[in-house]
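# Observations on the model geometry
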Amino acid sequence: MRETKFIQQNKDKWRAFDEALGQEGRDPEKLDDLFVQVTDDLSYARTFYPNRSVRVYLNGLAQRVFTALYRNRRSSAHRLVTFWTDELPQLVYEARREFRFSFLIFALAMLIGMVSSASEPEFLRVILGDSYVDMTLENIEAGDPMAVYKEKGAFEMSLGITINNLWVSFLTFVTGAFFTIGSIAVLIRNGVMLGAFQYFFIERDLFWESFLTVWIHGTLEISAIIIAGSAGITMGKGLVFPGTFNRMQAFQKSARRGIKIMVGIAPIIIMAGFIEGYLTRHTETPDIIRGLFIFLCLAFVLLYFVWYPRIKARIGFNQPVRDTRLTPDAKLDLSFTKIRSAGELFTDLFVLYKRHFGTFLVGSLASALLFIAFAFLPGNALPEDRFSFPPGIYLGVENIGQFFNNPAAPLIPFAHVLSFSFIGLLVFRKLGQEERSDYKRSPGIAFINFMPPMGALTALLYTNDWYTIFLVVLFAVVPAIWGYCSYREGRNSLSAFSKSLSLWSPSFSRVFSLSFTLLLVGLLFYSLVNTVLAWFFVDLVTWVVSLDQAGMDQLSVVLLAFLSVWLLYLVSAMLLLGGGLLYYTLLEIQEAPGLRQRIQEIGLQTRIRGLEKERR
């Protein structure tokens, strides 16, 4: 093709590109497409007109497109800022009906608690317990009705309250997965408790003192619980009202939105815990100062969660809410050469977990049987002397540690290393086959190489102390990345550790994000199923098996231990699968194998297209 014909054929397109580059508010996606087209023309010009002005012009145009494209890329710091200034307010605004409903439910529950306490004096003891009521009465008689906030040291109290508040808010949110009913029930329960508690002081002419003391931290704390309830209702709404999607697709969209709202209130919960531990105890502070502080906290909540989203909606949000991609079809192949966002990673994880759930279920079952053998066969101790299962969600979750560090069952850490390695072999084999159908590794060698990273995961959980939860949130996914690096690249454990460290350490925020998300999902799965269905299953067994009461008590412990560990292993399969998927994202960030391949393909296509044009 002659140069003049080439210019005549493309000059309108180049002029349009020039104008697009001069516009304000350029679309990064459009710029990306523009860059591909310009470099395509530039490649043709370099081949056939290397010393002509058209090549110089296209080279300058390509540089301008490249500069504009990468100037519009958002850094992770900017992404964090826009989450608080744009994305979270948009989510709150779109869930404003759920926010109103959550507030009305809580307010109505408070009123019920106050009316019930006024009509039935014993109602408060039923709700709060005799010990708490008696302690408060003693404090009132001693002249310090708010002494309960001064019993422990500031740091210890602040840390304990923060963890408890995080758990209550988390429970309020995740129970919304039961068609919103769970979140509503938790809101009612907490509202009734608060109403009964507040009336207790009103009845004794201590309303003002209790108000200034409780609400100095309660303004943020109660607001967080109400917002967590709205997040749970938002999540469950996808199941109740799926719209044009199927229920699973609608639930995935609504769950991601709910999770983002929960991330948004985490700092508020932490701040409320700090205030309760360090400031609430100072009841000698002048009333005007405490009242002003409560007003400021309330003003912050109303401004950020009510007024600001409305103003942003009128002005216009910068962009639609991200990470609303639906689950791919079960037969659709997933890309293993792309950098996944947190939402995309969780979506693909859910797809693969559902696709191979049968394998993971059987593998977890076999691993749980192995654990039972290691836990109960050695020694002469009775099952009830090895494990305890107090009723209730809180105690059920708190006692997870007994399955990893238990002096009465000293061999269980070895059982976990073997079980995690076996589950890892199943998970990573399926993941490798998703990437390449002919993917093969020696099972024996892979199993041996899995033992060090799975031993690290076991050691993480073996700590069984107050800081274990922080270790899990920070590092739970790291052994999974280490193990999959060993499996996919055929490395030994030491070499895989070094390679995986180079992958995840520069992108630790992604590790933290996935660990935190999987922790929430895992706790939801364990706490709700274990405390509701497990006891029902045990009751069914007791109807079928004929034993005396002592024998039935021992059998119940064994059955509950088996079910608990089975559920934990199912959660571990999700953790290992998530770590394997994250490996591909980290690899693409650090080494860009997918990008290199695409560049080579573009070059090949360009040369072929150039030959076709020349022939014309």
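Residues numbered from 1 in each chain as written. Predicted model: local features only at pLDDT ≥ 70, side-chain atom pairs only at ≥ 80, totals over all residues. Heavy atoms only, no water.

Let us look at the overall build of the chain. When you go through the chain residue by residue, the secondary structure sums to 24 helices and zero strands. Relative to its full complement of 616 residues, the chain shows a buried share of 47%. Taking the contacts inside the chain whose residues are at least 6 apart along the sequence as the reference set, 77% of them involve residues at least 24 apart. Here the chain displays about 30,800 Å² of accessible surface, and carbon together with sulfur accounts for 64% of that area. (Helix = DSSP H or I, 4+ residues; strand = E, 2+ residues; numbered from the N terminus. Buried < 20%, exposed > 50% of the residue type's maximum accessible area, 1.4 Å probe, protein only. Contact = heavy atoms within 4.5 Å. Areas by Shrake-Rupley, 256 points an atom, 1.4 Å probe, with all protein chains shown as cover.)

A few words now on helix H14 (residues 357–376). Since the α-helix advances by 3.6 residues per turn, residues separated by three or four positions end up pointing in the same direction. Here H14 spans 28 Å end to end across 20 residues, near enough to the 28 Å set by a 1.5 Å rise per residue. When H14 is considered as a whole, its buried residues turn out to be Phe-360, Gly-363, Ser-364, Ser-367, Ala-368, Phe-371, Ile-372, Ala-375 and Phe-376. Packed against the buried residues of H14 are helix H13 (342–355), helix H15 (383–386), helix H17 (412–435) and helix H23 (549–591). (Expected span 1.5 Å × (residues − 1).)

On to the environment of Leu-220, then. One can find Leu-220 in helix H10 (residues 207–240). Looking at Leu-220, the relative accessible area reads 6%, which means it is buried. Sequence spacing of Leu-220 and Met-271 is 51 residues, and the spatial spacing of their C-alpha atoms is 7.9 Å. Non-local contacts of Leu-220, meaning those with residues more than four positions away in its chain, are made with Ile-268, Met-271, Ala-272, Ile-275, Cys-297, Phe-300 and Val-301.

Here we take up the pattern of salt bridges. Evaluation of the coordinates by the stated rule reveals 17 salt bridges. Between Arg-340 and Asp-348 there is a salt bridge, with the nearest N and O atoms lying 2.5 Å from each other. Take Arg-340 and Asp-348: they sit in the same class, and that class is buried. Taken together, the salt bridges that share partners define one network made up of Glu-489, Arg-491, Lys-499 and Glu-591. (Salt bridge = Lys/Arg side-chain N within 4 Å of Asp/Glu carboxyl O.)

On the surface, Phe-155, Met-271, Phe-274, Tyr-278 and Leu-279 cluster together into a nonpolar patch covering about 470 Å² of accessible area. Broken down by element, the residue count for the nonpolar patch peaks at three residues, all from helix H11 (residues 247–278). As for its placement among the helices and strands, Phe-155 is situated in helix H8 (residues 154–174). (Patch = residues over 30% accessible without salt bridge, like charges linked within 9 Å, V, L, I, M, F, W, Y side chains within 5 Å.)

Attention now goes to a negative patch on the surface. Taken together, the side chains of Glu-384, Asp-385, Asp-548 and Asp-553 define an acidic patch exposed on the protein surface. Summarising the element assignment, Asp-548 is placed in the loop between helix H22 (508–544) and H23. By relative accessible area, which is 54% here, Asp-548 ends up exposed. (Lys, Arg positive; Asp, Glu negative; His and termini not counted. Charge placed at Lys NZ, Arg CZ, Asp CG, Glu CD.)

A surface patch of like charges, here positive, comprises Arg-97, Arg-100, Arg-310 and Arg-314. Every element with two or more residues in the positive patch is listed here: helix H5 (96–119) and helix H12 (287–315). When its relative accessible area of 43% is taken as the criterion, Arg-100 is described as partly exposed.

Moving on, we come to the nonpolar core. Membership of the largest hydrophobic core comes to 106 residues, with the highest contact counts inside it found for Phe-305, Phe-371, Phe-387 and Phe-403. Counting residues per element, this core draws most heavily on H23, at 21 residues. Here Phe-305 is in contact with Val-92, Phe-99, Ile-227, Ile-265 and Ile-268, once residues within four sequence places are set aside. With 27 residues, the next largest nonpolar core counts Phe-106, Ile-184, Val-214 and Trp-215 among its residues. (Core = buried A, V, L, I, M, F, W, Y, C linked by side-chain atoms within 4.5 Å.)

Before going further, it helps to examine the packing of H17 against helix H18 (residues 443–462). Following both chains from N to C, one finds H17 and H18 inclined at 125°, their axes separated by 7 Å at the closest point. Viewed along their axes, H17 and H18 adopt a mutual orientation that is oblique. Relative to H18, H17 is oriented so that their crossing is right-handed. Taking contact as the criterion, the partners of Pro-413, His-416, Val-417, Leu-418, Phe-420, Ser-421, Phe-422, Gly-424, Leu-425 and Phe-428 in H17 are, on H18, Pro-443, Ala-446, Phe-447, Phe-450, Met-451, Met-454, Gly-455, Leu-457, Thr-458, Leu-461 and Tyr-462. Counted by class, the contact of H17 with H18 contains 16 nonpolar, five polar and no charged residues. (Axes fitted to C-alpha atoms, helices over the stretch in contact; angles between N-to-C directions. Parallel < 35°, antiparallel > 145°, perpendicular 65-115°, else oblique. Left-handed = near helix turned anticlockwise from the far one by under 90°. Nonpolar A, V, L, I, M, F, W, Y, C, P; charged D, E, K, R; others polar.)

Further remarks concern the environment of Pro-145. Among the secondary structure elements, Pro-145 is positioned in the loop between helix H7 (130–141) and H8. Taking the C-alpha atoms as reference points, Pro-145 and Leu-206, 61 residues apart in sequence, are found 8.4 Å from one another. Not counting residues up to four positions away in its chain, the partners in contact with Pro-145 are Thr-136, Asn-139, Ile-140, Phe-201, Leu-206 and Glu-209.

Moving on, we get to the packing of aromatic side chains. In the structure shown here, the tally under the stated rule is 33 aromatic pairs. Through a chain of ring-to-ring contacts, the aromatic side chains of Phe-336, Phe-428, Phe-450, Tyr-484, Tyr-487, Tyr-583 and Tyr-584 assemble into a single cluster. Just above the ring of Tyr-93 sits the side chain of Arg-96; from NZ or CZ to the centre is 4.1 Å. A cation over a ring is seen here: Arg-340 above Phe-336, with NZ or CZ 5.9 Å from the ring centre. (Phe/Tyr/Trp six-rings, centres within 6.5 Å; stacked < 30°, edge-to-face > 60°. Lys NZ or Arg CZ within 6 Å of the ring centre and 35° of its normal.)

Taken by themselves, the reported measurements are silent on function.
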